[in-house]
Amino acid sequence: GFWDSDEIEMEAEENPVIDPKHEKNATAPGLANKESLKLLPLRVSHLCLRSAYLHRGNALAALGREDEARETYLKVFPMLDPEPRCGRLDWERSSLYINIGNTYSRQGNFDKADEQYQIAERLGREHVENVEGNKIDGMGMVIVAMRARAFALKKAGREEDGKKVLRDVIDMQIKLNAENEKKKEEDAANGVVEGAHETAVGNAIAAS
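Fair warning: this is a prediction, and the values are worked out from it, not measured in the lab. (Residues numbered from 1 in each chain as written. Predicted model: local features only at pLDDT ≥ 70, side-chain atom pairs only at ≥ 80, totals over all residues. Heavy atoms only, no water.)

Q: How should the nonpolar core be read in this particular structure?
A: Among soluble globular proteins, nonpolar side chains are generally buried collectively. Counting 33 residues, the largest nonpolar core has Tyr73, Leu96, Ile98, Tyr117, Met146, Val165 and Met172 as its most contacted members. For this core, the secondary-structure elements that each account for two or more residues are helix 3 (41-62), helix 4 (66-74), helix 5 (77-80), helix 6 (87-106), helix 7 (110-129), helix 8 (135-155) and helix 9 (159-207). Sorting elements by how many residues they give to this core places helix 8 first, with ten residues. Leave out the neighbours within four places in its chain, and Met146 touches Glu121, Arg125, Val165, Asp168, Val169 and Met172. (Core = buried A, V, L, I, M, F, W, Y, C linked by side-chain atoms within 4.5 Å. Buried < 20%, exposed > 50% of the residue type's maximum accessible area, 1.4 Å probe, protein only. Helix = DSSP H or I, 4+ residues; strand = E, 2+ residues; numbered from the N terminus. Contact = heavy atoms within 4.5 Å.)

Right, dumping it as structure tokens:
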């Protein structure tokens, strides 16, 4: 499948039961889980290397070494190419595109920066528009990409255009807040139902 939501959901389990036939994938049930560390050391090392490149790129950008920062961010993409599409990994992809866009923005090249912001935004919108996508993560990605575009517009001397984008950001943030509240209510309702079911089962056992 295009989206691997089932595998990502395994990360929430403290003691996951892994099917012996399950593909040995270090992204499930989570890098911190001891079972993951037994699966594929190469994949684990790639995750650590991706993080190292990201932090190195951020450090170079903080020093004003924008070209070097951009080159460092770009080194992550070949490692992400074989990875599945899911909210968590698309956040990583989106963040990289935004960071690359910011390097161009700081160099005064808004057009090149906006190319990167558009890619980052598109990743989020694909989640929002696809029924199998992660809508909440997708909306978050869109907000971050649009906000980066707004700041880049201001830096480029197009403050009014930036304000228009920020109004769209606010509209999307309101929708995201509503989605988060909806999810909280659904989770709470599911918890009540599950609790009621466990109580009913316990009462039935006690009665027997």
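From this point, the discussion proceeds with the structure in view.
Q: Whenever I open this one, the packing of aromatic side chains confuses me. Can you help?
A: Ring pairs (aromatic) are described by centroid distance and by the angle formed between their planes. Taken as a whole and judged by the stated rule, the model has one aromatic pair. Between the aromatic rings of Phe77 and Tyr97, the centroid separation amounts to 4.7 Å while the plane-to-plane angle is 35 degrees, which identifies the pairing as tilted. Highlighted residues: Phe77 in helix 5 and Tyr97 in helix 6, separated in sequence by 20 residues. The pair Phe77 / Tyr97 is uniform in exposure class, with both members buried. (Phe/Tyr/Trp six-rings, centres within 6.5 Å; stacked < 30°, edge-to-face > 60°.)

Q: Looking at this model, I keep getting lost on the pattern of salt bridges. Mind explaining?
A: Once the charged atoms of two side chains with opposite charge are near each other, the side chains can pair. One pass over the full model with this rule turns up 17 salt bridges. Note that Glu126 and Arg85 form a salt bridge whose closest N and O atoms lie 2.8 Å from each other. Linking Glu126 in helix 7 with Arg85 in the loop between helix 5 and helix 6, this pair joins segments that are 41 residues apart in sequence. We classify Glu126 as partly exposed; its relative accessible area is 30%. By relative accessible area, Arg85 is classed as buried at 13%. Note that Arg158 is salt-bridged to Asp161, the shortest N-O span being 3.1 Å. Judged by its relative accessible area of 37%, Arg158 is partly exposed. Since its relative accessible area comes to 29%, Asp161 is described here as partly exposed. When salt bridges that share partners are traced, they join Arg85, Asp90, Arg93 and Glu126 into one network. (Salt bridge = Lys/Arg side-chain N within 4 Å of Asp/Glu carboxyl O.)

Q: What's the story with the packing of helix 7 against helix 8 in this structure? I'm lost.
A: Two quantities define a packed helix pair, namely the angle between the axes and the distance from one axis to the other. Look at helix 7 against helix 8: their axes get within 7 Å of each other, and the N-to-C directions meet at 165 degrees. Looking at the two axes, helix 7 sits roughly antiparallel to helix 8. The way helix 7 lies across helix 8 gives a crossing that is left-handed. Counted together, Phe110, Asp114, Tyr117, Gln118, Ala120, Glu121, Leu123, Gly124, Arg125, His127 and Val128 of helix 7 and Lys135, Gly138, Met139, Met141, Val142, Ala145, Met146, Ala148, Arg149, Ala152 and Leu153 of helix 8 form the full contact between these two elements. (Axes fitted to C-alpha atoms, helices over the stretch in contact; angles between N-to-C directions. Parallel < 35°, antiparallel > 145°, perpendicular 65-115°, else oblique. Left-handed = near helix turned anticlockwise from the far one by under 90°.)

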